[in-house]
Amino acid sequence: MRAVENGDPGAWIVLRLGGWGSVGGVAGRGFEAYARVLHPVQVDDGAHAMRPGSWAEVAARTGRVVHPLAQWHRVAGVDELRGDVEVDGRRVTAPPTGWLDPRLLAALVPALAAATTTDAVTLAVWEGWGTGVVFAGPRFELPGRAYGLFEGRIGELADPEWPWDAEIGWRPPFEGPMPQLIWPGDHAWVLASEIDWDSTIVAGSRALVDDVLAVEAVEAFAVNAHDSLMSHADLINPA
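Residues numbered from 1 in each chain as written. Predicted model: local features only at pLDDT ≥ 70, side-chain atom pairs only at ≥ 80, totals over all residues. Heavy atoms only, no water.

## So, the sheet that holds strand β3 (residues 41–44)
Taken in spatial order, the four strands make up an open sheet running β4-β3-β6-β5, and their pairing is antiparallel. The outermost strands of the open sheet, each flanked by one partner alone, are β4 (50–53) and β5 (85–87). When strand polarity is set aside, the average angle formed by the axes of neighbouring strands in this sheet is 35°. Note: β3 against β4, four bridges, orientation antiparallel. Residue D44 lies in a different strand from β4, and its bridge partner there is M50. (Pairing = 2+ DSSP bridges. Helix = DSSP H or I, 4+ residues; strand = E, 2+ residues; numbered from the N terminus. Axes fitted to C-alpha atoms, helices over the stretch in contact; angles between N-to-C directions.)

Next up, the structure:
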């Protein structure tokens with residue numbers, strides 16, 4: 001990855017944003033379809049290690065429902081300020097916010113690559129991660145958010161190890177930030193991991209969203225641009 005050298009490559013997204021707390025307010029309006037990819041939880045495997053787990057796995061134990069607008073605290077049956085939960089005597093750590101596991105991103109790459117005419121992508125990484133990294137290239141700003149911009153190739157993202165060499169704040173042995181926004185040179189789609197959300201939005205064509213929903217490695221649902229993902233948006237699971 002390298003810093004964007006000039007221009008204002010994020011300006012087109014700014015024009016599409018609208019509706020605070022909504023899917024379109026994060027990924028942009030005007031796309032044909034949208035998918036919400038849930039970030040995995042971490043489950044104590046009983047051997048002093050954690051393994052990835054699904055929201056559905058937790059819901060099956062708590063008697064709740066995982067649906068397109070589900071909120072983690074409602075699924076887990078905990079207070080909004082308490083992310084972790086104990087299930088069957090094992091600790092389940094809440095899904096990370098603003099951080100799509102690079103292995104899941106890699107799993108999405110075939111669908112993303114098929115939905116664009118270019119291999120070039122721009123990545124926007126939030127400046128507030130606190131990693132001490134100073135981004136050298138242009139900054140992309142939204143209300144309350146500022147990002148460093150990087151250029152890369154979508155093929156690079158197919159390797160889950162790419163962040164270690166991308167100079168975005170990963171320093172062995174500790175993982176670091178993941179991009180909050182990724183888009184291709186032809187603007188055919190946007191992948192958005194809002195820093196306060198425990199899920200990632202993929203916005204693009206209907207065919208792209210259908211392909212994302214078919215990826216076995218991810219837990220995903222179709223959503224609409226106007227859908228709210230604020231903490232109170234889950235009207236199915238009890239508070």
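## Considerations on helix α6 (residues 206–213)
When α6 is considered as a whole, its buried residues turn out to be L208, V209 and V212. Viewed end-on, α6 has its buried residues packed into an arc of 95°, placing them on one side of the element. (Buried < 20%, exposed > 50% of the residue type's maximum accessible area, 1.4 Å probe, protein only. Arc of directions from axis to C-beta.)

## Some words on the layout of surface pockets
Its boundaries defined by the atoms lining it, the largest pocket holds a volume of some 710 Å³. In terms of lining residues, the largest pocket is bounded by 36 residues, among which W20, V26, E194, D196 and W197 are the most central. Tallied by class, residues from the lining of the largest pocket come to 16 nonpolar, 13 polar and seven charged. Reported here for the second largest pocket is a volume of approximately 340 Å³. If you go around the second largest pocket, you meet 19 residues; those closest to its centre are P40, Q42, P52, D101 and L104. Where the lining of the second largest pocket is concerned, the elements lending two or more residues are β4 and α5 (102–114). Of the residues assigned to the lining of the second largest pocket, the class counts are ten nonpolar, five polar and four charged. (1 Å grid on protein atoms, 1.4 Å probe; cavity = no way out; pocket = protein on both sides within 12 Å on 5 of 7 lines; lining within 4 Å. Points joined across faces, edges and corners; volume = space filled by probe spheres on them. Nonpolar A, V, L, I, M, F, W, Y, C, P; charged D, E, K, R; others polar.)

Any functional reading would require information beyond the geometric quantities listed.
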